[in-house]
Amino acid sequence: MNTPEGPASAHNPLQASRRVTDCDVLVVGSGAGGLSAAVTAAYHGLKVIVVEKAAVCGGATSWSGGWAWTPGSPFAKAAGVNEDRETFRTYLRHVLGTDYQAEKVDAFLEAVPHMVAFFHNNTSLQFVPGTRINDIYGDQPGAGTGNRSVGPKPFNARNLTPELRAKSRHQLYETSFLGMGIMAGPDLAKFLSASRGNPKGLLHAGWRFGLHLLDLLTHKRNMQLVNGTALTGRLMKSADDLGVEIRVSTPVTSLLTDTGGRVSGAVVSSPEGEVAIHAARGVVLATGGFPHDIRRRQELFPKTPTGREHWTLAPEEASGDGITLGQSVGARFKTGIKSPAAWCPVSLITYRNGCTGVFPHIMDRAKPGSIGVRKNGKRFVNEANGYYDYVEGLLAATPEGETVESWQIADSRFVRRFPLGMAKPLPVPLFPYLRSGYLKKGNTIEELALACGIDPAGLLETVARFNDNARRGVDPDFGRGGTPFNRYGGDPAQRPNPSLGPLEKGPFYAVRVVPGSFGTFAGLDADVRGRVLSDAGVPIPGLYVAGNDHSSVMGGHYPAGGINLGPALTFGYIAGRDLAAVRAYENDGTFPEHSDAGVG
C-alpha cells in the first residue's frame, strides 16, 4: 500500500503523468453502505464518483438476503405499530450487554426512519415491510415480533441501462435455483408448497422459472432481481438517475491528503491507467471489510490457526482495502468487540470444474425433522436460533486442536419437503448431491454416522432423546422452538411445535457444516456522523466510513436479521448528509399522508 501523499504536482514527474479528475465526494466501494452514501450526497447536489475494485458492483450486498433491520420505520408507523424508541434500546441493551454503545445506537435509531422514508420517497430504492420477521432473542425484554425490517421490492434488470446492467453482480449461484433468485417470504413459501404438490405453488414456480428461462435465452442472465441483487440494482438505478459516476475495475492504491492532513481524494488504478481523483468534500471508505484477508483472519478469528479455516460468503475483492487505506492516514482499527465477524454456518460443494461453492445454512436449521451434531454425535446449540448463534455454539463446543465442523442431519421426509443445505426438495432429485459427496446417506442412523465419521452410539442416543422430546413439542436441552423467531422459521403445519419434529423415517441424510461469515464486524472506528476516528480518537478531516469497513454498531453482536444492511444503509445515509452539510431532517420519518407506500 502506498503512503498518503499530497495533491498532484507538476514538480513530481510520477504525479505529473497521472490523469486528474475532480468531484465533491469519492466513494470507495459499491455495496449498500457506499451506494447509500453516494445517492444521499448526490441527491443533495454534490458531484459523486464511486470506484469499485471488482468488475461488477454490489459486493456482499448483492449476495445477501437484502433485508435490513430498521426499527421504527415509516412502514411500521403506517401499519399502526408505534413502538417507542426506548423499546428498541431496551432490547439492544439486554442483548449487547457491555458492548452497548449508547451514542452510536441512538444515532442509528434516530436516523433509521428518515433513511427509509428518504429512499422510498425520493429514489428508485423501494421497500417492502417485514411484517412477520421476528427479532432473534424473543425471550429478551423489548424484542420485536415483526415490523422492524424492510427489504427491497423485486426489481427487473430491464430498468437498468445496458451499461449499468453489465456492472451489476449476478445472484449468488448457491442461493439460487439454476441462477434464479427466490425472495424470502411469500415467493419462497410458494416454491416450498410446490414440493408438496400444491397447485398454486406449482403454478407460481412454473411461471417464475419459465420467465427465468426466457431471460437466459434473451439476455443471458437473470433479470428478475430479488433480495440483495434487487437492493443493489435499485441503488445503482438511483445513483445513475442522480448523475453519480460509477467506475468498476478501479481499485484505490492510496489516499491523497492536503498540507493540513485533510483527506482530499485518492489515487486509483483504472483500465486507462493511474488517475488522481480529487474530492473537495471528502472520501467514503466502504470496501466491504476484510473477510478475504487471510492475515487478519488468522489474527482475529477464533480457532482459525492459518486464517484459511473459514469460508466467507463475501466476494473475494472484500480483502480489507478500506481498513488498510484508513490506517495509512492514522485511522483506528477497532477490534475489541464481541465477535470479529458476522458468523454464518456454511457447507461446501465441489463442482465438476473443481471450483468450490459456499452455501449459507439460513432456513433449513429451524425446520422440523433436522438437527445439528458434532462428531461425538451430540447437539451443541439451538439450531433454530440465528446463524450467528449456530457458529458461535460450534466454536465454543469444539475443543482446541480439533477441526471445527458439524453435521446437519435429517430424515427422508425432511429432504423431500425442505432444502437440506443446497439440496433442493421435490421435484429436484437428490442424486447429484449424493454423487458429488455433498450429501451423505444411510438407511439407518448407525449407517449415516459411519458415513460421516460420527460416533454411532452418541448419535443414536441424541436422536432418541430429541425424538422423544420433539413429539411432545419441547427441547429441554437447548430450548428450540421456544421463541417466536424459532417458531416462525419452522413449519406451521407441524404440531405441537413448528420447529420440532422427530427424525424417524429412513433413509437418513447429512451435510457437513463449517464456520463461515457474511462479512466482518471489526472495522474502522467512527463517530456518530460517520467520520473516521484516528488512534487519538479525533475525526480525520475528509474521511468517512460505511458498511462493513465501519466497526459494528452492535458491538459485534447479531440481535436481529438484517443487522449488517440496516446500519450500512443508515450510516451511509448519515455520511452522505454530513458531506453535503445537511443537518435538519427533511421529514418526520413517516410517509406522506397521500402515499400508499406503507401498504405491504
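Bringing the packing of helix α2 (residues 32–43) against helix α10 (residues 227–241) into the picture now. Where α2 contacts α10, the axes come no closer than 9 Å and their chain directions differ by 25°. Classified by the angle between their axes, α2 and α10 sit roughly parallel to one another. The element α2 and its partner α10 pack so that their crossing is left-handed. Residue-level inspection shows Ala-32, Leu-35, Ser-36 and Val-39 of α2 in contact with α10, the latter providing Leu-231, Thr-232, Leu-235, Met-236, Ser-238 and Ala-239.

This paragraph deals with the packing of aromatic side chains. For the structure shown, the criterion picks out 17 aromatic pairs. A centroid spacing of 5.5 Å and a plane angle of 40° characterise the contact between Phe-118 and Tyr-573, whose relative ring orientation is tilted. Residue Phe-118 is found in helix α6 (residues 102–122), and its partner Tyr-573 is found in helix α19 (residues 565–579); the two are separated by 455 residues along the sequence. Judged by its relative accessible area of 1%, Phe-118 is buried.

This paragraph deals with the state of the cysteines. Taken as a whole and assessed by the stated rule, the structure comprises zero disulfides. The cysteine Cys-23 is free of any disulfide, with Cys-57 supplying the nearest cysteine sulfur at 16 Å.

On to the packing of α2 against α19, then. The contact between α2 and α19 brings their axes to 7 Å, and the two run at 30°. If you check the angle between α2 and α19, you find them roughly parallel. Note that α2 runs across α19; the crossing there is right-handed. Taken together, the residues of α19 that come into contact with α2 (itself represented by Ala-32, Gly-33, Ser-36, Ala-37, Thr-40 and Ala-41) are Leu-565, Ala-568, Leu-569, Gly-572, Tyr-573, Gly-576 and Arg-577. Its residues placed into classes, the contact of α2 with α19 shows seven nonpolar, five polar and one charged.

Bringing the sheet that holds strand β3 (residues 68–69) into the picture now. A sheet is described by the order of its strands in space; here three strands give the open sequence β3-β5-β4, paired in antiparallel fashion. Both outer strands of the open sheet, β3 and β4 (127–129), are each paired with one neighbouring strand and no more. With two bridges joining them, β3 and strand β5 (residues 149–152) adopt antiparallel strand pairing. By the bridge assignment for β5, Trp-69 is matched with Ser-149.

Moving on: helix α13 (residues 387–397). Taking burial as the measure, the 11 residues of α13 include eight buried ones, the bulk of the element. Of the residues making up α13, those classed as buried are Tyr-387, Tyr-388, Asp-389, Tyr-390, Val-391, Gly-393, Leu-394 and Leu-395. In this structure, the buried side of α13 is in contact with β16 (341–350), β18 (370–373), β19 (406–411) and β21 (508–520).

Time to look at the nonpolar core. By size, the foremost hydrophobic cluster in this structure holds 89 residues, and its most contacted members are Leu-26, Val-283, Leu-439, Leu-543 and Tyr-558. Counting residues in each nonpolar core, the second largest holds 48 residues, with Phe-127, Ile-246, Ala-568 and Leu-579 among its members.

Calculation rules
- Residues numbered from 1 in each chain as written.
- Predicted model: local features only at pLDDT ≥ 70, side-chain atom pairs only at ≥ 80, totals over all residues.
- Heavy atoms only, no water.
- Axes fitted to C-alpha atoms, helices over the stretch in contact; angles between N-to-C directions.
- Helix = DSSP H or I, 4+ residues; strand = E, 2+ residues; numbered from the N terminus.
- Parallel < 35°, antiparallel > 145°, perpendicular 65-115°, else oblique.
- Left-handed = near helix turned anticlockwise from the far one by under 90°.
- Contact = heavy atoms within 4.5 Å.
- Phe/Tyr/Trp six-rings, centres within 6.5 Å; stacked < 30°, edge-to-face > 60°.
- Buried < 20%, exposed > 50% of the residue type's maximum accessible area, 1.4 Å probe, protein only.
- Disulfide = S-S within 2.5 Å.
- Nonpolar A, V, L, I, M, F, W, Y, C, P; charged D, E, K, R; others polar.
- Pairing = 2+ DSSP bridges.
- Core = buried A, V, L, I, M, F, W, Y, C linked by side-chain atoms within 4.5 Å.

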